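Survey of secondary and tertiary structure
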Amino acid sequence: MLDEALDAIRRRSWERIVVFTGAGVSADSGIPTFRGAGGLWRNFRAEDLATPEAFARDPALVWEWYEWRRGLVRDAQPNAAHLAIARLDRALVVTQNVDALHERAGSTRVLHVHGELAYARGTGRTNKRYRIDGGPIALGQCCEEGTQLRPDIVWFGEEVQHMEEAGALVASADKVLVVGTSLSVYPAAGLVEYARADAEKFVNALEMDDVPAGFTFRAGPATQMIPAITSRWLEANHHR
Ligand code: NAD
């Protein structure tokens, strides 16, 4: 009897929270979203650069864009939304972002479904990853002869990473918090469809035409909206 009660308490306090984020969570850190203000680089749209075709056509240009983005991220700081998410210490973060601001804010369990700016990988057989946030790397410098080094980023048209794991985590979550994504880039956007009907579900963005079924929409900057939601959750957990 006591064991059962203890188990129930343990289960409740080890509630599963999944936070799913997109470019909007980092916007207030000064990192532009692709479609928002400041999303262009030298008049190129992201869709003109973040593709395998663009890299095949002009790898130096694509690398230069990523160097610029890596610099932006290096100079940026995690904001109040990243920090609030990190305070949910057992939460799992699934992010479409390629920056490392969740980790820098203190989140320890982060799945990057669209890759990471801090890594490059070979285009050869082994696909070995290299950490490259120490500064620019020489083009063509690589493990296997004849292969090229490319950003370890999931480009438009490429396969999203860790989707199965992310889907399973969303499906088992008691609380799902979606932050700063238009939910228009598939298949990652489809993750919200795995959320359980009885889970508590919030979605935050500046605006949203189609709020996913069962989600409560909170319009406004993540830096204001997210701490309000997470502190209520932390409080509720504390009083359990
Ligand atoms: P998107 O259109 O899915 O996300 C932008 C969303 O963020 C919009 O819904 C907008 O309303 C919302 N938003 C903007 N500012 C916000 C704020 N301050 N608070 C809350 N919400 C805010 O994403 P995108 O820009 O088209 O990016 C597509 C993909 O490109 C991403 O999934 C990611 O892989 C990559 N990307 C990454 C970064 C990054 O790592 N920081 C930045 C840009 C793009």
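Attention in this report is confined to the structure presented alongside it. (Residues numbered from 1 in each chain as written. Predicted model: local features only at pLDDT ≥ 70, side-chain atom pairs only at ≥ 80, totals over all residues. Heavy atoms only, no water.)

1. Observations regarding the site of the ligand
Of all residues adjacent to the ligand, which total 26 residues, the nearest are Phe-34, Arg-35, Gln-96, Asp-99 and His-114. In this structure, Arg-35 approaches the ligand through a side-chain N or O atom, which is 2.4 Å from an oxygen atom. Here a nitrogen atom of the ligand sits 2.8 Å away from a polar atom, N or O, in the main chain of Ala-222. Expressed as a share of its isolated accessible area of 850 Å², the protein-covered part of the ligand is 92%. Going through the elements one at a time, α2 (24–27) and β8 (200–205) are the ones with two or more residues in the shell around the ligand. The leading source of residues in the shell around the ligand is α2, at three residues. Split by residue class, the shell around the ligand holds 10 nonpolar, 11 polar and five charged. Counting contributing residues, the shell around the ligand receives three or more from each of domain 1 (1–31 + 78–114 + 160–240) and domain 2 (32–75 + 119–153). (Near = heavy atom within 4 Å. Polar contact = N/O pair within 3.5 Å; in protein donor to acceptor, adjacent residues only side chain to side chain. Areas by Shrake-Rupley, 256 points an atom, 1.4 Å probe, with all protein chains shown as cover. Helix = DSSP H or I, 4+ residues; strand = E, 2+ residues; numbered from the N terminus. Nonpolar A, V, L, I, M, F, W, Y, C, P; charged D, E, K, R; others polar. Domains from an automatic or database assignment.)

2. What about the nonpolar core?
Of all hydrophobic cores here, the largest spans 23 residues; its most connected members are Phe-20, Val-94, Val-176, Val-178, Leu-183, Val-192 and Phe-215. Of all elements in the fold, only β1 (17–21), β2 (92–95), α8 (163–171), β7 (175–179) and β8 reach the threshold of two or more residues within this core. Apart from residues no more than four positions distant in its own chain, Val-94 is found in contact with Val-18, Val-19, Phe-20, Thr-21, Leu-111, Val-113, Ala-166 and Leu-191. Counting residues in each nonpolar core, the second largest holds 22 residues, with Leu-49, Trp-63, Ala-76 and Ala-120 among its members. (Core = buried A, V, L, I, M, F, W, Y, C linked by side-chain atoms within 4.5 Å. Buried < 20%, exposed > 50% of the residue type's maximum accessible area, 1.4 Å probe, protein only. Contact = heavy atoms within 4.5 Å.)

3. As for the sheet that holds strand β6 (residues 149–153)
Sheet strands line up and pair through hydrogen bonds in the backbone, either parallel or antiparallel. Read from one edge of the open sheet, three strands run β5-β4-β6, paired in antiparallel fashion. Strand pairing shows two members of the sheet lacking a second neighbour, β5 (129–131) and β6, which therefore form its edges. Averaged over all adjacent pairs, the angle separating strand axes in this sheet is 45°, with direction ignored. (Pairing = 2+ DSSP bridges. Axes fitted to C-alpha atoms, helices over the stretch in contact; angles between N-to-C directions.)

4. Brief notes about unusual backbone geometry
The general pattern is negative phi for most residues beyond glycine and trans for most peptide bonds. Cis geometry marks the peptide bond from Tyr-186 to Pro-187; its omega dihedral reads 5°. Its identity as a non-glycine residue notwithstanding, Asn-43 has a phi of 70°, on the positive side. Examined against the element boundaries, Asn-43 turns out to sit in the loop between α2 and α3 (46–49). Positive phi, normally seen in glycine, also occurs at His-162, with a value near 60°. Along the chain, His-162 turns up in the loop between β6 and α8. Residue His-162 is classed as partly exposed on the basis of its relative accessible area of 40%.

5. Remarks on the sheet that holds strand β9 (residues 216–219)
The strand order across the open sheet formed by six strands is β3-β2-β1-β7-β8-β9, and the pairing between neighbours is parallel. Of all the strands in the sheet, just β3 (110–112) and β9 have a single pairing partner and so form its edges. When the angles between neighbouring strand axes are averaged without regard to direction, this sheet yields 15°. Sheet analysis places β1 next to β2, joined by four bridges and oriented parallel. Bridge pairing links Thr-21 to Thr-95 in β2. Sitting on the sheet, α8 is in contact with β1, β2, β3 and β7, with an inclination near 135° to β3.

6. Considerations on the environment of Pro-52
Positionally, Pro-52 belongs in helix α4 (residues 52–57). Each C-alpha atom of the pair Pro-52 and Trp-155 lies 6.6 Å from the other, and the pair is 103 residues apart in sequence. Among residues more than four places away in sequence, those in contact with Pro-52 are Trp-155, Phe-156 and Glu-158.

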